[in-house]
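Chain by chain, the residues:
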Amino acid sequence: MSTATARYSGQLRTEATHTASGTCIVTDAPVDNHGRGEAFSPTDLVSAALGSCMMTIMGIVAERSQIDLAGTTFNVTKHMVADPRRIGQIDVHFQLPAALSPKQRTILENAAHTCPVALSLNPEIRQEVQFDYSL
């Protein structure tokens, strides 16, 4: 069974449907690349996938280790480069609970850096990850 199916809607948009759940994602080309920028671009999704994957793996490790990550947030910033046009860097900034011990922090940070998306991205894409323990 396929992971997703998609169709081109025209005007630089696609609609992808997750096969198992039926959830739909619309993509649009960014304004700086002939699009309207009215939805995630495909490269936005790559960047969001990195942060989401890191958070998911940290969540799995946290549950297994009985670490409370309630309230944890993250944001991602994508940096494009030219020749050829591609993602050059993705910044991921996590805001985590201040009460986490040094050992818990090490466990979570290692989990983030070993998520499947982080390990799957081309090594030329720089991944800058910041962990801010201030919640």
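In this report, we go over the structure that sits alongside the text. (Residues numbered from 1 in each chain as written. Predicted model: local features only at pLDDT ≥ 70, side-chain atom pairs only at ≥ 80, totals over all residues. Heavy atoms only, no water.)

**Some remarks on the overall build of the chain**
Scanning the chain from N- to C-terminus turns up three helices and six strands. In sequence order, the secondary structure elements of the chain are arranged as β-β-β-α-β-β-α-α-β. Dimensions along the principal axes, computed over C-alpha positions, put the chain at roughly 50 × 35 × 25 Å. Out of the 135 residues in the chain, the part that is buried amounts to 30%. In the chain, of all internal contacts separated by at least 6 residues, the share reaching a separation of at least 24 is 49%. With an accessible surface of roughly 8,200 Å², the chain has 55% of that area assigned to carbon and sulfur atoms. When the 10 positive and 13 negative side-chain charges of the chain are each reduced to one mean point, those points stand 3 Å apart. (Helix = DSSP H or I, 4+ residues; strand = E, 2+ residues; numbered from the N terminus. Buried < 20%, exposed > 50% of the residue type's maximum accessible area, 1.4 Å probe, protein only. Contact = heavy atoms within 4.5 Å. Areas by Shrake-Rupley, 256 points an atom, 1.4 Å probe, with all protein chains shown as cover. Lys, Arg positive; Asp, Glu negative; His and termini not counted. Charge placed at Lys NZ, Arg CZ, Asp CG, Glu CD.)

**A few points about the nonpolar core**
Within the largest apolar cluster, 25 residues are counted, with the highest numbers of intra-cluster contacts made by Met54, Met58, Leu69 and Phe94. If one sorts the elements of this core by residue count, helix 1 (residues 42-65) sits on top with seven residues. With residues up to four places along the chain from it excluded, the contact list for Met58 reads Leu69, Phe94, Leu108, Ala111, Ala112 and Phe131. (Core = buried A, V, L, I, M, F, W, Y, C linked by side-chain atoms within 4.5 Å.)

**With respect to the pattern of salt bridges**
The final tally for this structure, using the stated rule, is seven salt bridges. A salt bridge links Arg7 to Glu15, with the shortest nitrogen-to-oxygen separation between them at 3.6 Å. What makes Glu15 partly exposed here is its relative accessible area of 28%. A salt bridge links Arg36 to Glu38; the nearest nitrogen and oxygen atoms lie 3.6 Å apart. According to the relative accessible area criterion, Arg36 is partly exposed, its value standing at 38%. A relative accessible area of 54% places Glu38 in the exposed class. Salt bridges here are not isolated pairs; linked through shared partners, they connect Arg13, Asp28, Arg36 and Glu38. (Salt bridge = Lys/Arg side-chain N within 4 Å of Asp/Glu carboxyl O.)

**Focus: the environment of Ile87**
With respect to the helices and strands, Ile87 occurs in strand 5 (residues 86-96). In this structure, the C-alpha to C-alpha distance between Ile87 and Asp44, residues 43 residues apart in sequence, is 9.4 Å.

**Topic: the pairing of strand 1 (residues 4-10)**
Across six bridges, the pairing between strand 1 and strand 2 (residues 13-18) is antiparallel. Within strand 2, the residue paired with Ala4 across the bridge is His18. (Pairing = 2+ DSSP bridges.)

**Examining the environment of Arg85**
Tracing the backbone shows Arg85 in the loop between strand 4 (73-81) and strand 5. For the pair Arg85 and Asn33, spaced 52 residues apart in the sequence, the C-alpha separation amounts to 9.7 Å. Setting aside chain neighbours within four positions, we find Arg85 in contact with Pro30, Asp32, Asn33 and Met80. At 3.0 Å, the side chain of Arg85 and the side chain of Asp32 are in polar contact. (Polar contact = N/O pair within 3.5 Å; in protein donor to acceptor, adjacent residues only side chain to side chain.)

**Comments concerning helix 2 (residues 102-113)**
Over its twelve residues, helix 2 extends 17 Å from the first C-alpha to the last, a length consistent with the 16 Å expected when each residue adds 1.5 Å. Along helix 2, the residues classified as buried are Leu108, Ala111 and Ala112. Angular distribution of buried residues about the axis of helix 2 spans 100°; they occupy a single face of the element. Within helix 2, the exposed residues directed more than 90 degrees away from the buried face are Pro102, Lys103 and Thr106. Packing partners of the buried residues in helix 2 comprise helix 1, strand 5, helix 3 (116-120) and strand 6 (126-133). (Expected span 1.5 Å × (residues − 1). Arc of directions from axis to C-beta.)

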